[in-house]
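# Reading the structure
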Amino acid sequence: MASNEMDTPLNKKGEPLNKLDDKDLTQLGLNSIFEQIAFSFERMQAPGWTMNMLPMFQKIYGDSPEDLKEFMTYNMEFMNTEPHMATLLQGMVLSMEEKGVDRKTIEGVRNGLFGPMAGIGDSIFWFTVLPITAGIACSLGSNGSVLGPLVYIAVYLLVGFSRIWFAHLGYSLGNRTVESIGQSTEYLTRAAGILGTMVIGALIPSYVSIAFSEDLVFGVGSTTVQSVFDNLLPNILPLATVFLIYWLFKKKNANTIAVIGCVILFGLLMSLLGWM
């Protein structure tokens, strides 16, 4: 009995943690449908993401302000993933919280997986299931069939309420993750971080576009400034821009609005000069 009591996870107040049940996970899935009504351009989905998990977290930890502070701190960091995959990841996070896993490990799993999960969710739901359903519905509707809109509405609702299943699946996966972590905690955290960094890095050329004008050349020659950068390293300008902004945020604690304003002013100035 003494061994079991020592193995029981406790909150910061020394109280044993409560367990989530199927009703809680179902509620988590339902709540996530409204998750994106709380959205921030600085933290993206983080406000809604955290808000959705709060009732379940408070059930697990009870009235423990220390635990709530730690939970809010790491979950209010930047979060942007596909909404269905967000529900799955929330189930994993709550499962690991319930097991008393070190929060640095949970944070590493959270930050390492939300990028890859976004790609998976977008590919399944927004690039496959819903476009195909819309095509079928439009075809039926163009022939005068009432089934057109009904089919699309039915599939859309099915996709929406599938978040309940994803909440249960994430919780189950979280339990398995806890059981398999063992001595691999450090490696798991590092691997998740590396994976997330690789995915974000690969997306830079797709989301950041910056290039010198083709009319901007060296002297009287025909060699353009942009061709020099392209020959040196393709997409080096978007990469350098991202690293500069990251440095301003990470090392200089720059204000987000100020950085956005500087980027806009820089773009306008370069455009007026005809350099970009």
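About the criteria used
Counting restarts for each chain: residues are numbered from 1 in the order of the written sequence. Thresholds applied to this predicted model are a pLDDT of at least 70 for local features of residues and 80 or more for the giving and counting of side-chain atom pairs; totals over whole chains, interfaces and linings are not thresholded and use all residues. Based on all heavy atoms of the structure, the side-chain values leave hydrogens and waters out of the count. Here an angle of 0 to 180 degrees is reported between the N-to-C directions of two axes, which are lines fitted to C-alpha atoms, with helices fitted over the stretch in contact. To qualify as a helix, a DSSP run of H or I must reach at least 4 residues; to qualify as a strand, a run of E must reach at least 2; elements of each kind are numbered from the N terminus. For classification purposes, angles smaller than 35 degrees are called roughly parallel, those larger than 145 roughly antiparallel, those between 65 and 115 roughly perpendicular, and all remaining angles oblique. By convention the crossing between two helices is left-handed if the near helix lies anticlockwise of the far one by an angle smaller than a right angle, and right-handed if it lies clockwise. By definition in these notes, contact holds between two residues if any of their heavy atoms fall within 4.5 Å. Note on residue categories: nonpolar means Ala, Val, Leu, Ile, Met, Phe, Trp, Tyr, Cys or Pro, charged means Asp, Glu, Lys or Arg, and polar means any other residue, Gly included. Each patch is built from residues lacking any salt bridge and having more than 30% relative accessible area; the joining distance is 9 Å for like charges and 5 Å for nonpolar side chains (Val, Leu, Ile, Met, Phe, Trp, Tyr). Working definition of accessibility: Shrake-Rupley area with a 1.4 Å probe, residue cover restricted to the visible protein chains. Here, a salt bridge means any Lys or Arg side-chain nitrogen found within 4 Å of an Asp or Glu carboxyl oxygen. Three exposure classes are used, based on accessible area relative to the maximum for each residue type with a 1.4 Å probe and protein chains only: buried under 20%, partly exposed in between, and exposed over 50%. Directions pointing from the helix axis toward each C-beta atom define the arc. The definition of a polar contact used here is a pair of N or O atoms within 3.5 Å, where within protein one atom must be able to donate a hydrogen and the other to accept one, and adjacent residues in sequence count solely through side-chain atom pairs.

### Considerations on the packing of helix 4 (residues 65–75) against helix 6 (residues 103–142)
Across the interface, helix 4 lies against helix 6 with an axial gap of 10 Å and an inter-helix angle of 25°. One finds that helix 4 runs roughly parallel with respect to helix 6. Both helix 4 and helix 6 take part in a crossing whose hand is right-handed. In this structure, helix 4 contributes Asp67, Glu70, Phe71, Tyr74 and Asn75 to the contact, and helix 6 contributes Arg103, Ile106, Glu107 and Arg110. Of the residues assigned to the contact of helix 4 with helix 6, the class counts are three nonpolar, one polar and five charged.

### Topic: a nonpolar patch on the surface
A cluster of nonpolar side chains, Ile33, Phe34, Ile37, Met51, Ile153, Leu157 and Phe161, forms an exposed patch at the surface whose accessible area comes to about 720 Å². At three residues, the largest contribution of residues to the nonpolar patch is made by helix 7 (residues 147–181). Residue placement: Phe34 occurs in the loop between helix 2 (22–31) and helix 3 (46–61). Residue classification places Phe34 among the exposed positions, given a relative accessible area of 53%.

### Quick word on helix 2
Taken as a whole, helix 2 has its buried residues at Asp24, Leu25, Leu28 and Gly29. Buried residues of helix 2 fall within an arc of 140° about the axis and therefore sit on the same side. Seen from the buried face of helix 2, the exposed residues on the opposite side, beyond 90 degrees, are Asp22 and Lys23. The residue sitting at the N-terminus of helix 2 and contributing the capping side-chain oxygen is Asp21; that oxygen lies 3.1 Å from the backbone nitrogen of Lys23.

### A short note on unusual backbone geometry
We note that Met44 has phi near 60°; this positive angle belongs to a residue other than glycine. Following the sequence through the fold, Met44 ends up in the loop between helix 2 and helix 3. At Asn235, a position not held by glycine, the phi torsion is positive, near 65°. Looking at the secondary structure, you find Asn235 in the loop between helix 9 (225–232) and helix 10 (236–250).

### Concerning the pattern of salt bridges
Enumeration according to the criterion identifies six salt bridges in this entry. The closest approach of N and O atoms between Arg103 and Glu97, which form a salt bridge, is 3.0 Å. Residue Glu97 is classed as buried on the basis of its relative accessible area of 0%. Salt-bridge contacts for Glu107 lead to Lys104; the nearest nitrogen and oxygen are separated by 4.0 Å. Residue Glu107 and its partner Lys104 are both found in helix 6; the two are separated by three residues, about one turn of the helix. By relative accessible area, which is 60% here, Lys104 ends up exposed. One network of salt bridges, in which partners are shared, links Asp67, Glu70, Glu97 and Arg103.

### Observations concerning the environment of Asn175
Inspection of the secondary structure puts Asn175 in helix 7. Non-local contacts of Asn175, meaning those with residues more than four positions away in its chain, are made with Ser95 and Lys99.

### A look at the packing of helix 3 against helix 5 (residues 83–98)
Two numbers describe how helix 3 lies on helix 5: the axes approach to 10 Å, and their chain directions differ by 25°. As judged from the angle between their axes, helix 3 and helix 5 are roughly parallel. Pair helix 3 / helix 5 crosses with right-handed handedness. Between helix 3, through Trp49, Asn52, Met53, Met56, Phe57, Ile60 and Tyr61, and helix 5, the contact on the second element is made entirely by Ala86, Leu89, Gln90, Val93, Leu94, Glu97 and Glu98. For the contact of helix 3 with helix 5, the residue count by class is 10 nonpolar, two polar and two charged.

### Some remarks on the side chain of His84
In this structure, His84 sits in helix 5. In contact with His84, not counting residues within four places along its chain, are Phe125, Trp126, Val159, Gly160, Ser162, Arg163 and Phe166.

### Remarks on the side chain of Thr81
Assignment of secondary structure puts Thr81 in the loop between helix 4 and helix 5. Residue Thr81 is classed as buried on the basis of its relative accessible area, which comes to 6%. In terms of polar contacts, Thr81 uses its side chain to reach the backbone amide nitrogen of Ala118, at 3.2 Å.

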